[in-house]
Amino acid sequence: MKLDTIHHVAIIVSDYAVSRHFYVELLGLPVLRETYREERGDWKLDLKAGDLELEIFSGKNNPPRPNYPEALGLRHLAFRVPDVEAAARELNALGIETEPIRSDPIGGGSMTFFKDPDGLPLEIHD
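In this text the structure is predicted, and so the values were computed from the model without any measurement. (Residues numbered from 1 in each chain as written. Predicted model: local features only at pLDDT ≥ 70, side-chain atom pairs only at ≥ 80, totals over all residues. Heavy atoms only, no water.)

Q: Any details on the pattern of salt bridges? Residues and values, ideally.
A: The full count for this structure, using the stated rule, is 8 salt bridges. A salt bridge links Glu34 to Arg20; its shortest N-O distance comes to 2.7 Å. Of the two residues, Glu34 is situated in strand S2 (residues 31-37) and Arg20 in helix H1 (residues 16-26); the sequence distance between them amounts to 14 residues. The partner of Arg33 in a salt bridge is Glu53, with the nearest N and O atoms 2.6 Å apart. Taken together, the residues span a long stretch of sequence, with Arg33 in strand S2 and Glu53 in strand S4 (residues 52-58) at a distance of 20 residues. (Salt bridge = Lys/Arg side-chain N within 4 Å of Asp/Glu carboxyl O. Helix = DSSP H or I, 4+ residues; strand = E, 2+ residues; numbered from the N terminus.)

Q: Tell me what's going on with the environment of Gly41, and back it up with residues and numbers.
A: Here Gly41 is to be found in the loop between S2 and strand S3 (42-49). Using a relative accessible area of 24% as the deciding quantity, one classes Gly41 as partly exposed. A C-alpha to C-alpha distance of 36 Å links Gly41 and Ala88, two positions 47 residues apart in sequence. Beyond its immediate stretch of four places on either side in the chain, Gly41 contacts Tyr36 and Lys60. (Buried < 20%, exposed > 50% of the residue type's maximum accessible area, 1.4 Å probe, protein only. Contact = heavy atoms within 4.5 Å.)

Q: Could you give an account of the sheet that holds S3, with specific residues and numbers?
A: Read from one edge of the open sheet, 4 strands run S1-S4-S3-S2, paired in mixed fashion. Whereas interior strands pair on both sides, the edge strands pair on one side only; in this sheet they are strand S1 (8-13) and S2. Averaged over all pairs of adjacent strands, the angle between their axes in this sheet comes to 15°, without regard to strand direction. Contacting S1, S2, S3 and S4, H1 runs over the sheet at an angle of about 10° to S3. (Pairing = 2+ DSSP bridges. Axes fitted to C-alpha atoms, helices over the stretch in contact; angles between N-to-C directions.)

Q: Account for the nonpolar core, naming residues and giving values.
A: Membership of the largest hydrophobic core comes to 25 residues, with the highest contact counts inside it found for Tyr23, Leu47, Leu54, Ile56, Phe79, Leu122 and Ile124. For this core, the secondary-structure elements that each account for two or more residues are S1, H1, S3, S4, strand S5 (77-80), helix H2 (84-93) and strand S8 (121-125). Discounting chain neighbours no more than four positions away, the residues touching Phe79 are Leu29, Ala49, Leu54, Leu122, Glu123, Ile124 and His125. (Core = buried A, V, L, I, M, F, W, Y, C linked by side-chain atoms within 4.5 Å.)

Q: Tell me what's going on with the side chain of Ser19, and back it up with residues and numbers.
A: Of note, Ser19 is situated in helix H1. A relative accessible area of 1% places Ser19 in the buried class. Ser19 has contacts with Val13, Pro117 and Asp118, leaving out every residue within four places of it along the chain.

Q: Account for the pairing of strand S7 (residues 110-115), with residues named and values stated.
A: Sheet topology places strand S6 (residues 102-103) next to S7; 2 bridges connect them, and they run antiparallel. The residue of S7 that forms the bridge with Arg102 is Met111. Joining the antiparallel neighbours S7 and S8 is a turn of 5 residues, in which Gly119 adopts a positive phi near 85°.

Q: I'd like a description of the pairing of S8, backed by residues and values.
A: S8 sits mainly inside the fold: 5 of its 5 residues count as buried. Side-chain alternation along S8 places Pro121, Glu123 and His125 on one buried face and Leu122 and Ile124 on a second face that is also buried. By the bridge criterion, 5 bridges tie S7 to S8 in an arrangement that is antiparallel. By the bridge assignment for S8, Lys115 is matched with Pro121.

What follows is the structure in structure tokens.
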């Protein structure tokens, strides 16, 4: 087997409209597909993020994330940007708080974290 690249990452959100606004309007990810799944009574939103897709599922009665960010499972979702400082300023101008920018001591480059509406840790990294 040869695993070439990641096809998609899927997350479950508590409020579809709020999360759609955050990822599409604020972060600017283009919509590939938006599907209401009647049998489940929820929405599935497929977004383009570089060469992969980000799937947003609207959840029902899903438990909250136990803690930040060291829960088992997905630790965080990282987006590559050309300039972390410029991207952080843009996020801040949109009212999205970011942590202080720091250097990645292992992989190199700069990075910072912010949260989606459900508190999922998101990273920007150059």
